[in-house]
Amino acid sequence: MKIGLYFGSFNPIHIGHLIIASHVANHGGVDQVWFVVSPQNPLKPSALLLNEHQRLHLVHLSIDDDPRLRVSDVEFRLPRPSYTIDTLTYLQEKYPQHQFSIVMGSDSFSNLQHWKNYELLIKHYSFIIYKRPRFDVTPPQDARVTILDAPLLELSATVIRDNIKSGKSIHYLVHDKVREEIERNHYYR
Ligand SMILES: Nc1ncnc2c1ncn2[C@@H]1O[C@H](COP(=O)(O)OP(=O)(O)OP(=O)(O)O)[C@@H](O)[C@H]1O
Ligand SMILES: O=C(O)c1ccc[n+]([C@@H]2O[C@H](COP(=O)([O-])O)[C@@H](O)[C@H]2O)c1
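In this text, all values refer to a predicted model and were calculated from it rather than measured experimentally.

## What to know about the pairing of strand β3 (residues 69-72)
Part 1 of the argument: Side-chain alternation along β3 places Leu69 and Val71 on a buried face and Arg70 and Ser72 on a face that remains uncovered.
Part 2 of the argument: Pairing between strand β2 (residues 32-37) and β3: four bridges, direction parallel. Paired with Phe35 across the two strands is Val71, which belongs to β3.
Part 3 of the argument: Handedness of the β2-helix α2 (residues 52-63)-β3 crossover: right-handed.

Rendered as structure tokens:
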């Protein structure tokens, strides 16, 4: 199968993430999109992170039983912080029958030179890039890149966390089941 891997902290997962995953599953030439929950992004502070098992559960709640979408906890068992090249090497060994592509926004792609072994990532894997405002995609010559015009939503997990902290609603910004779970457990207060 062709799998698009969508890496992130998902702290928490919001509808911006879900719109992208659904669009990639529909138009990105893959059979499935897997959300890969990173316990610790190498380029982000860990202080505000909800426990990774709780973040994973929120992703499960979001994707319901959509057969196009899956969630992976593979990085929970790998060294931290989570370097994407290491995760991909592991996944390719574990699932030799699958072909993996990396799903990312043009903002992240334009920052790729700061990632571990980024030349290897470009050499060995294809990319599905969705355009984000202010970031043009100019892939290196040897890169295998599909560029998508996905519907865009100016939303981030930071906005969700800030809303919760200041007592504002997160209705419509996350899946209802995610909102209920966050409220029941008093996450991000
Ligand atoms: N609204 C959005 N539309 C499209 N892509 C998004 C959106 N929000 C986040 N992404 C992308 O999804 C991936 C995973 O997101 P991540 O878990 O870092 O969430 P985030 O909303 O950017 O979080 P935070 O606000 O905590 O930094 C990243 O590549 C990020 O750029
Ligand atoms: O491998 C790296 O060097 C690397 C550097 C930055 C980010 N990543 C991964 O990219 C994913 C999304 O990161 P971000 O910063 O776009 O939210 C997250 O899962 C990180 O672990 C990976």
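Now, onward.
## Examining helix α7 (residues 176-185)
What sets the pattern is the α-helix's 3.6 residues per turn: residues three or four places apart point alike.
Part 1 of the argument: Within α7, the full set of buried residues consists of Val178, Arg179 and Ile182. With its buried residues spanning 100 degrees around the axis, α7 presents them on a single face. α7 presents Asp176, Glu180, Arg184 and Asn185 as exposed residues on the side facing more than 90 degrees away from its buried surface.
Part 2 of the argument: Those residues of α7 that are buried are in contact with α2 and α6 (157-165).

## Re the confidence of the model for the protein chain
Should the pLDDT be low somewhere, the predicted coordinates at that spot are not to be read in detail.
Part 1 of the argument: Per-residue pLDDT for the protein chain averages 95, and the proportion of residues at 70 or more is 100%.
Part 2 of the argument: Overall fold confidence for the complex sits at a pTM of 0.96, while the interface term, ipTM, reaches 0.95.

## Here's the deal with the UniProt feature "domain: Cytidyltransferase-like" (unreviewed entry) in the protein chain
Part 1 of the argument: Within this structure's numbering, the places UniProt gives as "domain: Cytidyltransferase-like" (unreviewed entry) are residues 5-162.
Part 2 of the argument: As annotated, residues 5-162 comprises 34% helix and 20% strand, and the C-alpha atoms at either end are separated by 27 Å.

## Some thoughts on unusual backbone geometry
Part 1 of the argument: Residue Pro12 is reached from Asn11 by a cis peptide bond, and omega for that bond is 5 degrees.
Part 2 of the argument: With an omega of -5 degrees, the peptide bond running from Arg80 to Pro81 counts as cis.
Part 3 of the argument: Topologically, Pro81 is positioned in the loop between β3 and α3 (84-94).
Part 4 of the argument: One non-glycine residue, Arg134, adopts positive backbone phi at about 75 degrees.
Part 5 of the argument: Its location among the elements puts Arg134 in the loop between β5 (126-130) and β6 (144-148).
Part 6 of the argument: In this structure, His186 takes a positive phi of about 55 degrees despite not being glycine.

## Some thoughts on the packing of α2 against α7
Part 1 of the argument: Taken N-terminus to C-terminus, the directions of α2 and α7 make an angle of 145 degrees; their axes are 8 Å apart at the nearest point. Together, Leu58, Leu61 and Ser62 of α2 and Lys177, Val178 and Glu181 of α7 make up the contact between the two elements.
Part 2 of the argument: Its residues assigned to classes, the contact of α2 with α7 comprises three nonpolar, one polar and two charged.

## Comments concerning the site of ligand 2
Part 1 of the argument: Lining the immediate environment of ligand 2, one finds 15 residues, of which Phe7, Ser38, Tyr83, Thr84 and Trp115 sit closest.
Part 2 of the argument: Within the residue set of the shell around ligand 2, elements represented by two or more residues are β1 (2-8) and α3.
Part 3 of the argument: Among the residues forming the shell around ligand 2, the class breakdown is six nonpolar, seven polar and two charged.

## Quick look at the sheet that holds β5
Part 1 of the argument: Strand order across the open sheet formed by six strands is β3-β2-β1-β4-β5-β6, with parallel pairing between neighbours. Every other strand in the sheet has two partners, leaving β3 and β6 as the edge strands with one partner each. Neighbour-to-neighbour, the strand axes of this sheet turn through a mean angle of 30 degrees, independent of strand direction.
Part 2 of the argument: With respect to the sheet, helix α1 (residues 15-27) is in contact with β1, β2, β3, β4 (99-105), β5 and β6, its orientation differing from that of β2 by roughly 145 degrees.

Definitions and limits used
Residues numbered from 1 in each chain as written. Chains lettered and ligands numbered in written order. Predicted model: local features only at pLDDT ≥ 70, side-chain atom pairs only at ≥ 80, totals over all residues. Buried ≥ 20, exposed ≤ 12 C-beta atoms within 10 Å, placed from the backbone. Helix = DSSP H or I, 4+ residues; strand = E, 2+ residues; numbered from the N terminus. Pairing = 2+ DSSP bridges. Right-handed = clockwise from strand over helix to strand, strands pointing away. Arc of directions from axis to C-beta. Contact = placed C-beta atoms within 7 Å. pLDDT = per-residue confidence, 0-100. UniProt positions renumbered as here; feature names shortened; annotations may be inferred. Axes fitted to C-alpha atoms, helices over the stretch in contact; angles between N-to-C directions. Nonpolar A, V, L, I, M, F, W, Y, C, P; charged D, E, K, R; others polar. Near = placed C-beta within 6 Å.

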